[in-house]
Amino acid sequence: MKFFIDTANLDQIKEAQDLGILDGVTTNPSLMAKEGIKGDENVKNHYKTICQIAKGGEVSAEVIATDFEGMIKEGEILAALNPQIVVKIPMIKDGIKAIKYFSDKGIKTNCTLVFSLGQALLAAKAGATFVSPFIGRLDDISSDGVELIHKMSEMYNFYAFDTQILAASIRSTQHIIQCAEAGADVITAPLDAIMGLLNHPLTDIGLAKFLADHKKVNG
Ligand code: G3P
């Protein structure tokens, strides 16, 4: 199972990379805007920096265009920045055509904004490398995001699709665990949700006892 961090914040990417468990980074226009990254050149340079920090990890860079030609043009520019780049394309009609185009050329894609099994099927048929179901946003509207991961996992396994399920819009540590149980190939999550996996009160209590016992004997 791969771990991606869902941010464009360089310090957070470094911190996750330093932990030694990071396989990649996902960004989107909202996350880039949150870091104040604007203008084509600045955006491209930011992606290059992220690729350097992520040391060989897969880095999703999202196209802004929503027409086929525009997505191809932008995607080719993004893919040329670094071999680590995965072109992130929205789940729309021209997006499916663009995913098929890039898939035929051997360029990795991440189909984003996926909310249904039908969309997940279409993206896999088009040859997407990753498909990103947004589980938190499904939960927001009283739907079951994790259940979609379960169903996608069953479907992709049944038909032996190579497409990887990239569970996105993760809001908590518990979401990560639920996605792991449901068969996600990849989770992308904020840093605090990833770091939350470290915590258990019995670990803290146990370590304090070990250290106290050691000190009793060794001074
Ligand atoms: O991975 C997709 C993510 O960035 C969207 O998250 O919390 O805005 O639904 P959220």
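Throughout this document, residue positions are counted from 1 along each chain, in the order its sequence is written. Whole-chain, interface and lining totals are the exception, using all residues; otherwise, since this is a predicted model, local features are given only for residues with pLDDT of at least 70 and side-chain atom pairs are given and counted only at 80 or more. The side-chain numbers reported here are obtained from all heavy atoms of the structure, hydrogens and water having been left aside.

A closer look at the side chain of His175
Working step 1: Relative to the helices and strands, His175 resides in helix α9 (residues 173–182).
Working step 2: When accessible area is computed with a 1.4 Å probe and restricted to protein chains, residues below 20% of their type maximum are described as buried, those above 50% as exposed, and intermediate ones as partly exposed. In this structure His175 comes out as buried when scored by relative accessible area, which is 8%.
Working step 3: If we ignore the near neighbours within four places in the chain, the residues touching His175 are Ile135, Gly136, Asp139, Val146, Ser169 and Ile170. To qualify as a helix, a DSSP run of H or I must reach at least 4 residues; to qualify as a strand, a run of E must reach at least 2; elements of each kind are numbered from the N terminus. Throughout, a residue-residue contact means that at least one pair of heavy atoms, one from each residue, lies within 4.5 Å.

A closer look at unusual backbone geometry
Working step 1: The backbone phi angle of Leu113 is positive, close to 65°, even though this residue is not glycine.
Working step 2: Note that Leu113 resides in strand β5 (residues 109–114).
Working step 3: By relative accessible area, Leu113 is classed as partly exposed at 32%.
Working step 4: One non-glycine residue, Ala160, adopts positive backbone phi at about 55°.
Working step 5: With respect to the element layout, Ala160 can be found in the loop between α8 (145–158) and β7 (164–167).

A short note on the site of the ligand
Working step 1: The environment of the ligand is made up of Asp6, Asn28, Leu31, Phe134, Arg137, Ala168, Ser169, Arg171 and Thr188.
Working step 2: Here an oxygen atom of the ligand sits 3.0 Å away from a polar atom, N or O, in the side chain of Asn28.
Working step 3: Here a polar contact is recorded for every N or O atom pair within 3.5 Å, except that within protein the pair must consist of a potential hydrogen donor and a potential acceptor, and residues adjacent in sequence are included only if both atoms are side-chain atoms. At a separation of 2.7 Å, an oxygen atom of the ligand approaches a polar side-chain atom of Arg137.
Working step 4: Each accessible area is a Shrake-Rupley result for a 1.4 Å probe, and residues are judged covered by the shown protein chains and nothing else. The protein chains hide 80% of the 310 Å² of surface that the ligand would expose on its own. Consider each residue's heavy atoms; a residue with any of them within 4 Å of a molecule or strand counts as near.

Let's talk about the pairing of strand β6 (residues 130–133)
Working step 1: Burial along β6 is two-sided: the residues Phe130 and Ser132 and Val131 and Pro133 are all buried.
Working step 2: In this sheet, β6 lies alongside β5 in parallel orientation, the contact comprising three bridges. Pairing of Val114 across the sheet is with Pro133, part of β6.
Working step 3: Consider the strands pointing away from the viewer: the crossover is right-handed when the path from the first strand over the helix to the second runs clockwise. Assessed by its sense of winding, the connection that carries the chain from β5 through helix α6 (residues 117–125) to β6 is right-handed.
Working step 4: One requirement defines pairing of two strands: DSSP has to find at least two bridges between them. With two bridges connecting them, β6 and β7 associate as parallel partners. Among the inter-strand pairings, Phe130 is bridged to a residue of β7, identified as Gln164.

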